[in-house]
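Spelled out from the first residue to the last, the chains are:
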Amino acid sequence: MAYKLSDFKTEVHVDWCPGCGDYGILSSIQMALAGLNVPPQRTAIFSGIGCSGKTTHYVKAYGVHTLHGRVLPYATGAKLANPNLLVIAVGGDGDGLGIGAGHFIGAGRRNLDITYVLFNNGVYGLTKGQASPTLKLGMQTKGLSQPNPNEGVNPLMLALAAGYTFMARGYAFNVPELVKLIRQGVEHHGSSFIEVLQPCPTYNNLNTRDWYGGLDRPDPETGRAQPRVYSLADTGYDPLLTPEMSEEQTHELLGRYVARTSEWGERIPVGVFLINRTTSTYEERISRRIPFYTQQTPAERVIADEAGRPTVDLSPLLAELRVS
Amino acid sequence: MPAEQSRLTWLIGGAQGSGVDSAANIFARACAFGGLQVYAQREYYSNIMGKHSYYQVAVADRALGAPRDQADLLVSFDAETVFLHARQVCASGGLIYDPKLAETPLERAAAMEERARTSLAHYLVDEQGLDETLGSMIQAAQARGVHCFPIPYRELLQKLADETGTALSSLKRVINLLAVAASCALLQYPLEPLLRALAAVFAGKAKVIKLNSRACELTYQYVADSFAGEKLARHLEPVETDQLRIYLTGTEAVALGKIAAGCSLQAYYPISPATDESSYLDAHALVPLKSPPGEPAKQAALIVLQTEDEIAAITAATGAALAGARAATSTSGPGFCLMTEALGWAGINEVPLVISLYQRGGPSTGLPTRTEQGDLRFVLHAGHGEFPRLVLASGDLSECFHDAIRVFNWAERYQTPVIHLLDKALSSAGQTLPPFELEGVRLDRGLRAYEASEGEYRRFAWSESGISPRTVLGQAGGMFWNTGDEHDETGHITEDPLVRDQMMEKRARKLQTAAQEIPEAEKFNLFGDPDAETMIVSWGSPKGAILEALEVLKAEGHSLSFLQVRLLWPLPARALEALLRRAKRRIAVENNYSGQLAGLIREQTGIKIEQLIVKYNGRPILSDELSEALKALLATKPGDSSSQKVVLTHGI
Ligand code: SF4
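Residues numbered from 1 in each chain as written. Chains lettered and ligands numbered in written order. Predicted model: local features only at pLDDT ≥ 70, side-chain atom pairs only at ≥ 80, totals over all residues. Heavy atoms only, no water.

## Observations regarding the pattern of salt bridges
- Scanning the entire structure with this criterion turns up 49 salt bridges over all chains.
- For R228 of chain A, the salt bridge goes to D216 of chain A, with nearest N and O atoms at 2.8 Å. On the criterion of sequence distance, the pair formed by R228 of chain A in the loop between α8 (209-213) and β9 (229-231) and D216 of chain A in the loop between α8 and β9 is long-range, its members being 12 residues apart.
- Under the relative-accessibility criterion, R228 of chain A is labelled buried at 4%.
- Owing to a relative accessible area of 49%, D216 of chain A belongs among the partly exposed residues under this scheme.
- One network of salt bridges, in which partners are shared, links D396, E399, D403, R406, E522, K543 and R566 of chain B. (Salt bridge = Lys/Arg side-chain N within 4 Å of Asp/Glu carboxyl O. Helix = DSSP H or I, 4+ residues; strand = E, 2+ residues; numbered from the N terminus. Buried < 20%, exposed > 50% of the residue type's maximum accessible area, 1.4 Å probe, protein only.)

Now the structure itself:
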């Protein structure tokens, strides 16, 4: 059965500021889900705390708005218990790379089949504009009394180090491209990480929609804005890492990855940076030990008969402990 | 025969990593294979190699439930053990030592705490007029009537090496077994159950079994040849029994309970003394299921997830519970501190979540491998704001097992976090028990909306009991939302004052429902003489020591009752009050500084428990020190202010 966009919309009033990049991301998630052919009730979306945390309430799917920084472990537990759920985690950059940084790494290392969408706006929106972990050194957004004294962390570099196997970056106001990225991320087997550049018009007065669009640097000849954001795919960038590739080819790709993800300021690439097919998913690793894991999931396990008697047979375990 | 004499306390010590644990394990099993019952307590440092650890194994022909201070036989193969424990051996008891160490001076016992060294120097030089060597410790022990037996480990090993053609250097780990064998031989215990224990512990390793068995035989021969004249007053005799028994630790008992309860996901972060439970579960990830005879054995999955920290552990378990799994986490105080925000999330979202909390000495890192009951007040209030939780404390290994099942039933029935309160003393206690029975066990999954329909279903629909039928992630028609914010009936955020009131009241009602439904027998136990004037009140692991002390005091003509509080929240205040009012003198016994249960009882019932016996040196309450303290208290008047708080200090 084909789903419509409206199948993934709730009645809940969306209370983000006008012009917020979150609107574009929300639509992209809903459109991506509508295109996936997975029933809304088989889908669970988890969110962290902050403006982006409210996303779950606006999407008609099981929605779990968790704690600050903890979206990934909540999502991990649900997905492990029921590997047949479609699980998407969303959260802000402060949530995921500040308070939740340890979980960001943990999730990458596991490579469970989930998709994590990071709303990167460079500030803490809901607490009124403090610097987030991605804000670059020396930047002074309007909520700050002095320029940022910390270097900003590069989410895609951190994701590479952590072991995510699908890395992409999108732009909140390029919905058609973002829909594709999210869809690809969901379809990828393993942990997908999608960083979304998200203007926060209320507190980030530097990385605005106009700034990403290059309105401040018109082409001297045509007078037309020269957008900072450009498509990686247009440059012929190939993100695929396969087991067949030689060490040299692998190094070449990783070199490109580092070079492209380091670009910022005048030119900012978006698109798929890496699809790593050289490692197994966490589900596959479990299945090696528990072959029936994805068919008889921990979540759906029948633990008692009708009378409530446990289905477990303790006798082999007790036999191991026998001393008579 | 009075209880005193049918019980033997065997104590082995040694450097951590030198095989003390496996030696004690073999001895305990050897006793069990001879039909005897065992209670073992392990004490160790937060260290991997070198620091002193010891194992106390109590053996009797009846069930035992607590460690004691006094040892009947001390088994050593290093110097520290002799220095630290020789004074614990009772007169006419025995001491096994390595004669090569006789010259070892106190200062060479490197891993010893400075305070212990000073006290020993004082004992040897000032009190005994001896020098500071191990030989002097032996001499002082002999002077008290202790039989001391030198066992030349090196020579025995050499003999074994020559006989079996094994390199001497590879036999180092056999020394602890020689010590065990020597102790068994001196206790005139037959060799056969010891060999059975070896076969069980080293199952599948025929060569190891053969070598170790030969080592035992050589030691038995040596003891027979060398100490024919000098016999220990105590000996150990196998008893005939047709009872089936298992030997297991507290963490294994909890793990087995979780498996029986159908727990299918446990998330944890390594922490002493909780980790052994998760390791056991992980080793049993393929859970055997009952299957009709003749059909192939069926199995189920138990996922054990080692997370990046305790916050991830509790939140992953919560995610799994939302998906419908029976999910748990297992931790100790420091880890639980990190979990408190997520505890509140599970509370406001009405998630069935089980937390096994093994208390250890606090605050902060505290005493990582030592016991304490210091977290009662903490678990009652952990997390900001107000939300329902149930707290159940187990007092022995059998309760550990059954309570581990019970907490899952409560978590699902009342859709809220349940804390299973345990401690280090229980976690590392080893005990022989009849195999656990699932006969009377019933699993209760609580109210579920299996037939929920889209557009109508409201996860947090108002109900009189406070409990609303639950759906799980992925279920058709049962869609819900969760949030850590206050929510409406569907689970969406609200700040509406009326809805807030309703939701607070709905959640609070669940606790009242639980208090009404849970049978009294699961809330507390009353032991001893119910009409006794003196009532002991306690909770958790001191249970075993209290029951033994009760027996000792009864034999001396004192009649007491013992109220063991199990359900600590919601506290069955009215029932407790009625019982407490019946006693003239009330004494709280707790493994903490302030008497936390006594305080809680005062808060909830208005009754002041006048006398406290507490212990906070990180060691469990020992039955002999407790009976002494109780006797002293009974000799005072209940209102005597000098006896309001007695601090127990024994243990090494
Ligand atoms: S504060 Fe910024 S991120 Fe938050 S809703 Fe407003 S614009 Fe969006």
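Right, picking up where we left off after that structure.
## Side note on a negative patch on the surface
- On the surface, a cluster of negative charge is made up of E103, E107, D131 and E132 of chain B.
- The topology assignment puts E103 of chain B in the loop between β5 (89-97) and α4 (114-127). (Patch = residues over 30% accessible without salt bridge, like charges linked within 9 Å, V, L, I, M, F, W, Y side chains within 5 Å. Areas by Shrake-Rupley, 256 points an atom, 1.4 Å probe, with all protein chains shown as cover. Lys, Arg positive; Asp, Glu negative; His and termini not counted. Charge placed at Lys NZ, Arg CZ, Asp CG, Glu CD.)

## Quick notes on the site of the ligand
- Taken together, W16, C17, C20, C51, N121, G125, Q198, C200, P201, T202 and Y203 of chain A make up the full set of residues near the ligand.
- Looking at the shell around the ligand residue by residue, the class counts come to seven nonpolar, four polar and no charged. (Near = heavy atom within 4 Å. Nonpolar A, V, L, I, M, F, W, Y, C, P; charged D, E, K, R; others polar.)

## Examining the domain arrangement of chain B
Residue and element names in this part refer to chain B.
- Structurally, chain B comprises domain 1 (3-226), domain 2 (248-433), domain 3 (447-504) and domain 4 (520-647).
- Centre-to-centre separation of domain 2 and domain 3, based on C-alpha positions: 26 Å.
- Residue-level contacts link 15 residues of domain 2 with 18 residues of domain 3.
- Around 1,300 Å² of area is buried between domain 2 and domain 3 when both sides are counted, 47% of it from carbon and sulfur atoms.
- It is L322, I348 and Q415 that lose the most area in domain 2 upon contact with domain 3, and together they represent 39% of the buried surface on that side.
- Where domain 2 meets domain 3, there are one salt bridge.
- Among the salt bridges present, the one from R470 reaches E412, with a minimum N-O distance of 3.3 Å.
- Scanning the region where domain 2 abuts domain 3 turns up eight residue pairs in polar contact (both at pLDDT 80 or more). (Domains from an automatic or database assignment. Contact = heavy atoms within 4.5 Å. Buried area = accessible area lost by both parts, 1.4 Å probe. Polar contact = N/O pair within 3.5 Å; in protein donor to acceptor, adjacent residues only side chain to side chain.)

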